[in-house]
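Single-letter residue listing:
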Amino acid sequence: MFEAVPPSDGAGQDLPHLSGPAAAIRQVLAAHFVRGCPHVLEIGGHMRPVTGYLTHAPLSVTSIDPKTAEYEAEELNGRPCRVRHIARKFQDVELDFAPRSYGLVLLGYSLKPFGKREPLGKLMFSLLDNASVVVIDYTPEFERAASQVPSILARPTLTSYCSFELKLEDPEIAATPYARRRFHVLRPSGSAA
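Here the structure is a predicted model, which means the values were calculated and not measured.

Looking only at helices and strands, the chain features 4 helices and 8 strands. Mapped in sequence order, the helices and strands of the chain form the string α-α-β-β-β-β-β-α-β-α-β-β. Considering only contacts in the chain between residues 6 or more positions apart, those separated by 24 or more positions represent 62%. Looking at the chain as shown, the accessible area adds up to about 9300 Å², and 54% of this sits on carbon and sulfur atoms.

Let's shift gears to the nonpolar core. Among the nonpolar cores identified, the biggest contains 25 residues, and Ile43, Leu104, Leu106, Tyr109, Met124, Val134 and Ile136 are the most heavily contacted of them. Those elements that provide at least two residues to this core are strand S1 (39-43), strand S5 (102-106), helix H3 (122-130), strand S6 (133-138) and helix H4 (143-153). Residues in contact with Met124, not counting those within four places in the same chain, are Ile43, Phe90, Leu104, Leu106, Leu111 and Pro119. Ranked by size, the runner-up nonpolar core spans 23 residues in total, among them Ala24, Tyr53, Leu107 and Leu166.

This part takes up the side chain of Arg155. Mapped onto the fold, Arg155 is located in the loop between H4 and strand S7 (158-167). Among the polar contacts listed, one links the side chain of Arg155 to the side chain of Asp129, at a separation of 2.5 Å. Once you skip the residues sitting within four places of it in the chain, Arg155 turns out to touch Phe125 and Asp129.

Moving on: the confidence of the model for the chain. Low pLDDT means the predicted atomic positions in that stretch should not be read closely. Considering every residue of the chain, the mean pLDDT works out to 87; 88% of them sit at 70 or more. Mean pLDDT per element in the chain: helix H1 (residues 16-19) is the minimum at 64, and S5 is the maximum at 98. Predicted confidence for residues 1-12 stays below pLDDT 50, and this span has 26 contacts to residues more than four positions away or in other chains.

The next point concerns the packing of aromatic side chains. For any pair of aromatic rings, the description rests on two quantities: the centre-to-centre distance and the angle between the ring planes. Scanning the model with the defined rule gives 4 aromatic pairs in all. Judged by centre distance (6.3 Å) and plane angle (85°), the ring pair of Phe33 and Tyr161 falls under edge-to-face. Of this pair, Phe33 sits in helix H2 (residues 25-33) while Tyr161 sits in strand S7, and the two are 128 residues apart along the sequence. On the basis of relative accessible area, Tyr161 is assigned to the partly exposed category, the value being 37%. Measuring from centroid to centroid gives 6.4 Å for Phe33 and Phe183, while their planes differ by 40°, and the two rings are tilted. With a gap of 150 residues between them, Phe33 in helix H2 and Phe183 in strand S8 (residues 180-188) connect regions that are remote in the sequence.

Moving on: unusual backbone geometry. Trans peptide bonds make up the majority, and among non-glycine residues the majority have a negative phi. Although it is not a glycine, Asn77 adopts a positive phi angle of roughly 55°. Using a relative accessible area of 15% as the deciding quantity, one classes Asn77 as buried. One non-glycine residue, Arg100, adopts positive backbone phi at about 70°. Assignment of secondary structure puts Arg100 in the loop between strand S4 (79-86) and S5. Judged by its relative accessible area of 39%, Arg100 is partly exposed.

The rules behind the values
- Residues numbered from 1 in each chain as written.
- Predicted model: local features only at pLDDT ≥ 70, side-chain atom pairs only at ≥ 80, totals over all residues.
- Heavy atoms only, no water.
- Helix = DSSP H or I, 4+ residues; strand = E, 2+ residues; numbered from the N terminus.
- Contact = heavy atoms within 4.5 Å.
- Areas by Shrake-Rupley, 256 points an atom, 1.4 Å probe, with all protein chains shown as cover.
- Core = buried A, V, L, I, M, F, W, Y, C linked by side-chain atoms within 4.5 Å.
- Buried < 20%, exposed > 50% of the residue type's maximum accessible area, 1.4 Å probe, protein only.
- Polar contact = N/O pair within 3.5 Å; in protein donor to acceptor, adjacent residues only side chain to side chain.
- pLDDT = per-residue confidence, 0-100.
- Phe/Tyr/Trp six-rings, centres within 6.5 Å; stacked < 30°, edge-to-face > 60°.

Rendered as C-alpha cells:
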C-alpha cells in the first residue's frame, strides 16, 4: 500500500539529480496541481513516481516509465484506488481515459523516440489535449527537453495556468545543469482556473 509520504531516497538506484532532498519538491508541486483529478497519469516517473506524494483520493494512478519498479495495488492512502506503475515506454501502453478526467504529469521531461514513433507524436498530443491539467518539469539546458517543451507550451488547446523557475540546492547537483528547472502547469484553453 502506498501512503502519501516521500519514498526513500533511492540511494544507489536513483539518478543523482533526482535523489537529493530538494528534488522531491517537484513531486509535491505536481501532486498539488492534480489534486482535483479523478485519475492521474504520469509519464516519466522514473524511480520516484508521483504516487507517494498524492494526498487526494483519485480513482486511479498510472505511472509509466521504462525504469520504474512494476507495481499494482487497489488502495492509496487507505482508500480505494487502482495504482499501476508500468515499466514500459508510454507509446507501448494502451490508455483509455475519458477526456478531461485525468491530470497528466511529466516530471523530468526528456522523452525519446520509440522505434519510428516520435515522443511528440499523435499519442502524446492526444494525451495533452484531453487532460484536465498538465504539469511539466524539465531542465532547460537539456537539449532534448528544451527542443520539445516549446511545442507543448504552444498547443492551441492548452493555456498556461502558472510557470516558475526552480533552483535545487542539493550539494550533489547544485553546480550542474540539473539544479535549474522550469515548471509549467497548463489547463485546457477556455477552462476556468
